[in-house]
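# Residue-level structure breakdown
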Amino acid sequence: GSMNAIPQPFEFWQDRRMPYVETRRSCFGRTCYKSHSHPTFSIGAIDEGNSVFQSSFGTAQKISASTLVIVPAHVEHSCNPMPNQAW
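A short tour of the structure in this document, coming up.

Cut-offs applied
- Residues numbered from 1 in each chain as written.
- Predicted model: local features only at pLDDT ≥ 70, side-chain atom pairs only at ≥ 80, totals over all residues.
- Heavy atoms only, no water.
- Salt bridge = Lys/Arg side-chain N within 4 Å of Asp/Glu carboxyl O.
- Buried < 20%, exposed > 50% of the residue type's maximum accessible area, 1.4 Å probe, protein only.
- Helix = DSSP H or I, 4+ residues; strand = E, 2+ residues; numbered from the N terminus.
- Pairing = 2+ DSSP bridges.

### As for the pattern of salt bridges
A side chain of one charge can pair with a side chain of the opposite charge when the charged atoms of the two come close. Enumeration over the complete set of coordinates arrives at 1 salt bridge. For the salt bridge of R17 with D15, the shortest nitrogen-to-oxygen distance reads 2.6 Å. On the basis of relative accessibility, which here comes to 16%, the residue D15 falls in the buried class.

### Considerations on the pairing of strand β4 (residues 50-55)
Here β4 shows a buried face lined by S51, F53 and S55 and an unburied face lined by N50, V52 and Q54. Here β4 folds back onto strand β5 (residues 58-64) in antiparallel fashion, the turn holding 2 residues. When β4 meets strand β7 (residues 77-81), the two strands line up antiparallel, connected through 5 bridges. Looking at β7, one finds that F53 is bridged to C79.

Here it is, written out as structure tokens:
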């Protein structure tokens, strides 16, 4: 019989035709990242689960499915799952 592939916790994707774009896809992620910034703007879309978004330009916000987050370049931020949850 065939086995179903288990999704990796996250994966990065780039295409040489668009060197200015990098994507990260997380599946049922629990990985947490320290506050950080990027040299370009970032777009995040949550399609399942809940998270806490924190940045240097506002208070912590609980975000969930259907949320789109846009972070300007060089703005420190973090976006991590709620405690004991995956997203």
